[in-house]
Amino acid sequence: MSWRRGMVAVFALTGSVLPLATPVSSVQKPPFSTVNLRSGQEQIQLEQAARLITVRILSIPKQKRDRSLGSGVLFYKDHKNHFTSTYGVITNNHVLQAGEAPYFIQTPDGKTHRANSVVRKKQLRGNDLALLEFVADSEYKITTKSNQPAAIGDGVIAAGFPLKNSQSKYRGFVIKPGNIELVLDKALEGGYRIGSTNDVEKGMSGGPLLNRAGELVAINGLHANPIWGDPYVFEDGSYPTDAQREQISQYSWGIPLETVKQLLFAKSKP
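Residues numbered from 1 in each chain as written. Predicted model: local features only at pLDDT ≥ 70, side-chain atom pairs only at ≥ 80, totals over all residues. Heavy atoms only, no water.

Novice: I tried to follow the nonpolar core on my own but got confused; where do I start?
Specialist: Where a protein is soluble and globular, its nonpolar side chains tend to be buried together. Ranked by size, the top nonpolar core spans 34 residues in total, and within it Ile90, Leu129, Leu188, Trp253 and Leu264 carry the most contacts. Contributing elements (two or more residues each) for this core: helix H2 (40-53), strand S2 (68-79), strand S7 (155-160), strand S8 (174-188), strand S11 (216-222), strand S12 (252-256) and helix H6 (257-263). No other element matches the four residues that S8 contributes to this core. Setting aside anything within four residues of it in sequence, one finds Leu264 in contact with Ile90, Val119, Gln123, Leu124 and Leu131. (Core = buried A, V, L, I, M, F, W, Y, C linked by side-chain atoms within 4.5 Å. Buried < 20%, exposed > 50% of the residue type's maximum accessible area, 1.4 Å probe, protein only. Helix = DSSP H or I, 4+ residues; strand = E, 2+ residues; numbered from the N terminus. Contact = heavy atoms within 4.5 Å.)

Put into structure tokens, the structure is as follows:
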């Protein structure tokens, strides 16, 4: 079953699932809590780190006036020659599907670069990921990747660019603090395993989920309490129970960094 079909259809609850990492009774209800940063200076540093590695994905939209499709993460850099470098950007596949090629990357300095999709769908194995590359003569910071998997209780921040038709009062770059509350034993369709209290909005898909050290731990892609469709189907085709679905729906979801590395190992740089 395709993860995309799971997002646009409502299914009956059938099948069995592996247990969730925390009991249903521990579900945290909105309003979501925020990560307890040690100081305002720490928050400023995290915001600066996130801003430098988060990009906006642009395209010719299919049904929208806004060219902005979503967000992405500067993931690696290859030196092309003495003057230019090739940069790799991770985002979600559904971000690209909202528009059509040619795609463009807007970097933190405001410049726009034409980008190419460089990964075949077969290599992604059904995960909601995409990889774009662009060439530039400017220097951009690459995300620092965490050596530790995301764990329940970790303070994290989500970053990205909410779309103009989202509920956000912000129209530019934003960060949303929160905590990891669930790590699923098996992923939802699209590879989603990391559930957090971060208030991820439309347009922030493809953006980073960073730990308190500013290191990448996951790629954002699903916001809490979706209005349309039913994204809560496990990748093996089974369905959550009612109680599990209620718990899962409370959180925003990300694809673990480990999944990105496994699928794109040849492209992954330190």
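The rest of the description comes next.
Novice: When you look at the pattern of salt bridges in this model, what are you seeing that I'm missing?
Specialist: Oppositely charged side chains can pair when the atoms bearing their charge come close. Enumeration according to the criterion identifies six salt bridges in this entry. Arg51 is the salt-bridge partner of Glu47, the closest N and O atoms lying 3.1 Å from each other. Taken together, the positions of Glu47 and Arg51, both in helix H2 and four residues apart, correspond to about one turn of that helix. Across the salt bridge formed by Glu201 and Lys176, the nearest N and O atoms sit 2.5 Å from each other. Of this pair, Glu201 sits in the loop between strand S9 (192-196) and strand S10 (208-211) while Lys176 is found in strand S8, placing the two residues 25 residues apart along the sequence. Like Lys176, Glu201 is buried. Through salt bridges with shared partners, a single ionic network connects Lys176, Asp199 and Glu201. (Salt bridge = Lys/Arg side-chain N within 4 Å of Asp/Glu carboxyl O.)

Novice: Mind showing me how you'd approach H2 here?
Specialist: Along an α-helix, residues three or four apart share an orientation, since each turn contains 3.6 residues. Between the first and last C-alpha of H2 there are 21 Å, a value that for 14 residues agrees with the 20 Å anticipated at 1.5 Å per step. Listing the buried residues of H2 in full gives Glu42, Leu46, Ala50 and Ile53. When H2 is viewed along its axis, its buried side chains cluster within an angular range of 75° and face the same direction. (Expected span 1.5 Å × (residues − 1). Arc of directions from axis to C-beta.)

Novice: When you look at the pairing of strand S6 (residues 130-136) in this model, what are you seeing that I'm missing?
Specialist: The side chains of a regular strand alternate, residue by residue, between the two faces of the sheet. Burial analysis of S6 places six of its seven residues in the buried class, which makes it a mostly covered element. The pairing of strand S3 (residues 85-91) with S6 spans seven bridges and is antiparallel. Bridge assignment links Val89 to a residue of S6, and that residue is Leu132. Sheet topology note: the strand S5 (residues 112-117)/S6 ladder contains two bridges and is antiparallel. Looking across to S6, one finds that Asn116 is bridged to Glu133. (Pairing = 2+ DSSP bridges.)

Novice: Would you mind going over the environment of Asn81 with me for this structure?
Specialist: With respect to the helices and strands, Asn81 occurs in the loop between S2 and S3. For the pair Asn81 and Asp137, spaced 56 residues apart in the sequence, the C-alpha separation amounts to 9.6 Å. From its side chain, Asn81 meets the backbone nitrogen of Phe83 in a polar contact 2.7 Å long. Of the polar contacts made by the side chain of Asn81, one reaches the backbone nitrogen of Thr84; its length is 2.7 Å. (Polar contact = N/O pair within 3.5 Å; in protein donor to acceptor, adjacent residues only side chain to side chain.)

Novice: It is not clear to me how the sheet that holds S12 should be interpreted in this structure. Could you clarify?
Specialist: Two orientations exist for strands paired in a sheet by backbone hydrogen bonds: parallel and antiparallel. Here six strands make up a closed barrel; going around it, the order is S7-S8-S9-S12-S11-S10 and the pairing antiparallel. Looking at each pair of strands side by side, their axes are set apart by 45° on average, direction ignored. Bridging between S9 and S12 involves three bridges; their strand directions are antiparallel. Paired with Ser196 across the bridge in S12 is Ser252. (Axes fitted to C-alpha atoms, helices over the stretch in contact; angles between N-to-C directions.)

Novice: Just checking my understanding: could you explain the environment of Ser196 for this structure?
Specialist: By secondary structure assignment, the location of Ser196 is in strand S9. Separated by 58 residues in the primary sequence, Ser196 and Gly254 have C-alpha atoms spaced 8.1 Å apart. Every residue in contact with Ser196, bar those within four places of it in the chain, is listed here: Val156, Asn179, Ile180, Glu181, Leu209, Tyr251 and Ser252. A distance of 2.8 Å separates the side chain of Ser196 from the side chain of Asn198, its partner in a polar contact.

Novice: Any chance you could explain the packing of aromatic side chains here in plain terms?
Specialist: By convention here, two paired aromatic rings are described through the distance between centres and the angle between planes. What the rule picks out here adds up to four aromatic pairs. Taking the centre distance of 5.4 Å and the plane angle of 70° together, the rings of Tyr87 and Tyr140 count as edge-to-face. Taken together, the positions of Tyr87 in strand S3 and Tyr140 in the loop between S6 and S7 put the pair 53 residues apart, joining distant regions of the chain. The rings of Tyr87, Phe134 and Tyr140 are connected pair by pair, giving a single aromatic cluster. The lysine or arginine in question, Lys186, covers the ring of Phe234, its NZ or CZ lying 5.1 Å from the ring centre. (Phe/Tyr/Trp six-rings, centres within 6.5 Å; stacked < 30°, edge-to-face > 60°. Lys NZ or Arg CZ within 6 Å of the ring centre and 35° of its normal.)

Everything listed here is a matter of coordinates, which is why it stays silent on function.
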